[in-house]
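Spelled out from the first residue to the last, the chains are:
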Amino acid sequence: MAVVVRCSRAPCGLLLPRAGPGISVLAAAPSVLHQHRQVHHAVIPRGRSGRSSVSGIVATVFGATGFLGRYVVNRLGRIGSQVIIPYRCDQYDLMYLRPMGDLGQLLFLEWDSKDKDSIRRAVEHSNVVINLVGKEWETKNFNFEDEFVNIPKSIAQITREAGVETLVHISHLNASMKSPSKYLRSKAVGEKAVREEFPNAIILKPSEMFGREDRFLNHYANMRWFGGVPLISLGKKTVKQPVYVVDVAKAIMNAIQDPDAKGKTYALAGPKRYLLYDMVEYIYAVSFRTFVPYPLPRPLYHLVARFFEINPFEPWLTRDKVDRFHTTDMKFPDLPGLEDLGIQPTSLEEKAIEVLRRHRRYRWLDAELEEAKPAKTYPM
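Residues numbered from 1 in each chain as written. Predicted model: local features only at pLDDT ≥ 70, side-chain atom pairs only at ≥ 80, totals over all residues. Heavy atoms only, no water.

K.L.:
Would you take a moment to explain the sheet that holds strand S3 (residues 106-110) for this structure?
P.N.:
The strands making up a sheet are joined through hydrogen bonds of the backbone, oriented either antiparallel or parallel. The parallel open sheet is built from seven strands, whose spatial order is S3-S2-S1-S4-S5-S6-S11. Edge positions in the open sheet fall to S3 and strand S11 (265-268), since each of these has one partner strand only. For this sheet, the mean inter-axis angle between neighbouring strands, taken without regard to orientation, is 20 degrees. Bridge count between strand S6 (residues 202-206) and S11: four bridges; the pairing is parallel. What sits directly across from Pro206, in S11, is Leu268. Of the strands in this sheet, strand S1 (58-62), strand S2 (82-87), S3 and strand S4 (128-131) touch helix H4 (residues 116-123), which is tilted by about 145 degrees from S1. In the packing of helix H8 (residues 245-257) onto the sheet, the strands contacted are S4, strand S5 (166-170), S6 and S11, and the crossing angle to S6 comes to about 165 degrees. (Pairing = 2+ DSSP bridges. Helix = DSSP H or I, 4+ residues; strand = E, 2+ residues; numbered from the N terminus. Axes fitted to C-alpha atoms, helices over the stretch in contact; angles between N-to-C directions. Contact = heavy atoms within 4.5 Å.)

Here is the structure:
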């Protein structure tokens, strides 16, 4: 009876092998059932495009509760992908992710990043794994080496062992062993570890990302509460090339669907470069706030940041963040970028209003963007 049930559920054209001399049908059945598990009906693309269709993508997204993660999950959900979301946070921190996919398409799974069996359970049924794990500061449980080296290495190793086809790893444009920032040095080591464990991994190196919930434009806009904006060398020795977070999410989606992207490293940056001074000046122009910059030596800036680090709450500023924000964005002319993934980069001027409108006073809340003077660009 069990064999009859399996036959009725098998796809059209798939028949149980005929039993030969000395071979029972039950003995021949396991190979067919194994083949049926390899191509499950849930991953066969069907239906019109949209959240109620089936894209054929089953993706595990580590770090989905972060800034970039919500945009990636949204993009996956809107094309009908099934998304496994491992999490360590409170259930209430997942609420904004739940409407992003159709009923039953988003699966939430508790995991322990230091437990390899927990990682294996999260990736064993997926054909795509995306690693977005990261944090801007170290804690007593997780330092930068854990976040950007050990955890990505474990994910890459287990993903390869599970036979997953595609691994996407997010690094940073300025990741370098020579960087003064421990965050960026750890990112550089993590890149090498992932590449060694999973040679065909797709590595994306975005610059500082801006968007509605970012810690970049909002960070500088909130500095007005401290009586001005402290900048090392007044920000005139630092060049930034920020990238729009939606462009990075699109890049991840296009890289997943592009078979030629496997094994490549992409440098993702915005279309324009700015002196840090000019960029922050534009932030305050869009916010209709008074821009009061003042130079602050690096040792004194570190001392101020140290006071934020020792408070028991989430640190608004750290010494490593000071170094990272005052690092000039690197250029990689030999690496493919957003254009190679079919994406037209979005400039800061186009989307800054989405981030900065909430920093305006009521009088200027509905003021047009054209009233703010465009930011000065730095030669490419």
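K.L.:
Can you help me understand the pairing of S1 in this one?
P.N.:
A regular strand places its side chains so that they alternate between the two faces of the sheet. Extensive coverage of S1 is indicated by the burial of five of its five residues. Every second residue of S1 is oriented toward a common face, with Val58, Thr60 and Phe62 on one face and Ala59 and Val61 on the other, all of them buried. Examined bridge by bridge, S1 and S2 share three bridges and lie parallel to one another. Residue pairing across strands places Val58 opposite Gln82, the latter belonging to S2. Of the crossover connections in this fold, the one passing from S1 over helix H3 (residues 67-78) to the parallel S2 is right-handed. Pairing geometry for S1 and S4, over four bridges, is parallel. Across the sheet, the residue bridging to Thr60 is Val129, located in S4. (Buried < 20%, exposed > 50% of the residue type's maximum accessible area, 1.4 Å probe, protein only. Right-handed = clockwise from strand over helix to strand, strands pointing away.)

K.L.:
Sorry if this is basic, but what is going on with the pattern of salt bridges here?
P.N.:
It is possible for side chains of opposite charge to pair when their charged atoms get near one another. Using the criterion set out here, one finds 16 salt bridges in the structure. Residues Arg70 and Glu213 are paired through a salt bridge, measuring 3.7 Å at the closest nitrogen-oxygen approach. With a gap of 143 residues between them, Arg70 in helix H3 and Glu213 in the loop between strand S7 (209-210) and helix H7 (217-222) connect regions that are remote in the sequence. Between Glu208 and Arg324 there is a salt bridge whose closest N-O contact spans 3.1 Å. In this pair, Glu208 is assigned in the loop between S6 and S7 and Arg324 in helix H11 (residues 319-325), connecting sequence segments 116 residues apart. Given a relative accessible area of 7%, Glu208 falls into the buried group. On the basis of relative accessibility, which here comes to 2%, the residue Arg324 falls in the buried class. Through salt bridges with shared partners, one network takes in Glu136, Glu208, Lys321 and Arg324. (Salt bridge = Lys/Arg side-chain N within 4 Å of Asp/Glu carboxyl O.)

K.L.:
Can you walk me through the confidence of the model for the chain in this structure?
P.N.:
Should the pLDDT be low somewhere, the predicted coordinates at that spot are not to be read in detail. Across the chain, the average pLDDT comes to 86, with 86% of residues at 70 or higher. Contacts from residues 1-37, a stretch scored under 50 in pLDDT, to residues over four places away or in other chains number 16 contacts. (pLDDT = per-residue confidence, 0-100.)

K.L.:
Looking at this model, I keep getting lost on the environment of Glu213. Mind explaining?
P.N.:
For Glu213, a relative accessible area of 32% translates into the label partly exposed. When the C-alpha atoms of Glu213 and Leu68 are compared, they prove to be 9.4 Å apart, with 145 residues separating the residues in sequence. Setting aside its immediate chain neighbours within four residues, Glu213 contacts Phe67, Arg70, Tyr71 and Asn218.

K.L.:
Is there a simple way to explain the side chain of His219 in this structure?
P.N.:
By secondary structure assignment, the location of His219 is in helix H7. Residues within four places of His219 in sequence aside, it is in contact with Trp316, Leu317, Lys321 and Phe325.

K.L.:
Before we go on, may I ask you to explain helix H6 (residues 182-197) in this structure?
P.N.:
The periodicity of an α-helix, 3.6 residues per turn, causes residues three or four positions apart to be oriented the same way. End to end, H6 covers 22 Å across 16 residues, agreeing with the expected 22 Å (1.5 Å per residue, within 8%). Along H6, the positions that sit buried rather than exposed are Tyr183, Leu184, Ser186, Lys187, Ala188, Gly190, Glu191, Ala193, Val194 and Glu197. Elements that come into contact with the buried residues of H6 comprise helix H5 (144-161), S5, S6 and H11. Where H6 starts, the residue carrying a side-chain oxygen 3.3 Å from the main-chain nitrogen of Tyr183 turns out to be Ser181. (Expected span 1.5 Å × (residues − 1). Polar contact = N/O pair within 3.5 Å; in protein donor to acceptor, adjacent residues only side chain to side chain.)

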